[in-house]
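# Breakdown of the fold
Okay, here's what each chain looks like letter by letter:
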Amino acid sequence: MGLSAAFFDLDKTVIAKSSALAFGRPFYRDGLISRRDVVKTAYAQLMFRLGGGTDEQSMARTRDYMAALCKGWRVEQVQQIVAETLNDLINPYVYAEAAALIAEHQAAGRDVVLVSASGDEMVRPIGALLGITDVIATRMAIADGRYSGAVEFYSAGSAKVVGVKRLAEERGYDLSQCYAYSDSSSDLPLLEAVGHPSAVNPDRALRRVATLRSWPIMEFRNPVPLGKRLRDRPAVPVAAALGVGVGVAIGFALYGRHRRTRASVA
């Protein structure tokens, strides 16, 4: 356990794509979700990227949609699907710059924490891929091995700070000595909660704020698979001179209904 921590948003900050949409493609191909689910979720993701879905009301709608969609799904099945597709869908898209920065923080004795609106069942395996064990992510209520349709903790917007402060209290972190990285203006509360905030591949709104507050702006441009990162020298994060994620990926919104064959057996 380190004396301080570095908190990383996931989508467009550590990986070069939406984790939610990444897992959606094989689910749709295998008939796990409908075309309507794919289109609706992709549209919601786009609205967040354009800055139109970062208010509390929009986040609440996303949370409620997520809860209704996943109700009744078997947790074990979701975990299995993520495990089977993680290497192909996520590993090639991890930014080399992010991996180098994570390693730098770990070498300095800091804990590294992924903070994402995606589901815990999705974020935790991605963290393991990166050598990260600490995760703050959306948690769905579970009853008898299935999602009940309730959200225990929706890790988006200001709620991310709730999770960060809770962990800081448990670990004894001084947040003024901690770091945070995100691409999205929806994560302004997270960035404001630490002493060392940085904007990574920032959206327009976050870039404006980061420039006004003289936060570092970092541009990550090189997604590289783990195997190649181990063979080659890690890329160095690129920061903009003196100036200077959406983190709200709808993790469970792309999980879809059970495989029909498995559902009939269950």
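To keep things clear, this report deals only with the structure shown in the data block. Since we're looking at a predicted model, the values are computed, not measured.

The helix and strand inventory of the protein stands at 11 helices and 8 strands. Going through the 266 residues of the protein one by one, you find that 55% of them count as buried.

Moving on to the side chain of Thr13. Checked against the element boundaries, Thr13 lands in the loop between β1 (5–8) and α1 (19–29). A polar side-chain atom of Thr13 sits 3.2 Å from the main-chain amide nitrogen of Asp183.

Before going further, it helps to examine the nonpolar core. Formed by 31 residues in total, the largest nonpolar core has its most connected members in Phe8, Val14, Ile90, Leu114 and Tyr181. The set of elements that each furnish at least two residues to this core consists of β1, α4 (75–89), α5 (96–107), β2 (111–119), α6 (120–129), β3 (134–143) and β5 (179–182). A per-element tally of this core places α6 first, with 4 residues. Of all hydrophobic cores here, the second largest spans 24 residues; its members include Phe153, Leu167, Leu191 and Ile217.

Applying the stated criterion across every chain, the model contains 3 aromatic pairs. Consider the rings of Phe7 and Tyr173, whose centres lie 6.4 Å apart with planes at 75 degrees: the pair is edge-to-face. Of this pair, Phe7 sits in strand β1 while Tyr173 sits in the loop between α7 (158–171) and β5, and the two are 166 residues apart along the sequence. With respect to class, Phe7 is no different from Tyr173; both count as buried. One residue, Arg166, lies across the ring of Phe153, its end atom 6.0 Å from the ring centre.

The rules behind each value
- Residues numbered from 1 in each chain as written.
- Predicted model: local features only at pLDDT ≥ 70, side-chain atom pairs only at ≥ 80, totals over all residues.
- Heavy atoms only, no water.
- Helix = DSSP H or I, 4+ residues; strand = E, 2+ residues; numbered from the N terminus.
- Buried < 20%, exposed > 50% of the residue type's maximum accessible area, 1.4 Å probe, protein only.
- Polar contact = N/O pair within 3.5 Å; in protein donor to acceptor, adjacent residues only side chain to side chain.
- Core = buried A, V, L, I, M, F, W, Y, C linked by side-chain atoms within 4.5 Å.
- Phe/Tyr/Trp six-rings, centres within 6.5 Å; stacked < 30°, edge-to-face > 60°.
- Lys NZ or Arg CZ within 6 Å of the ring centre and 35° of its normal.

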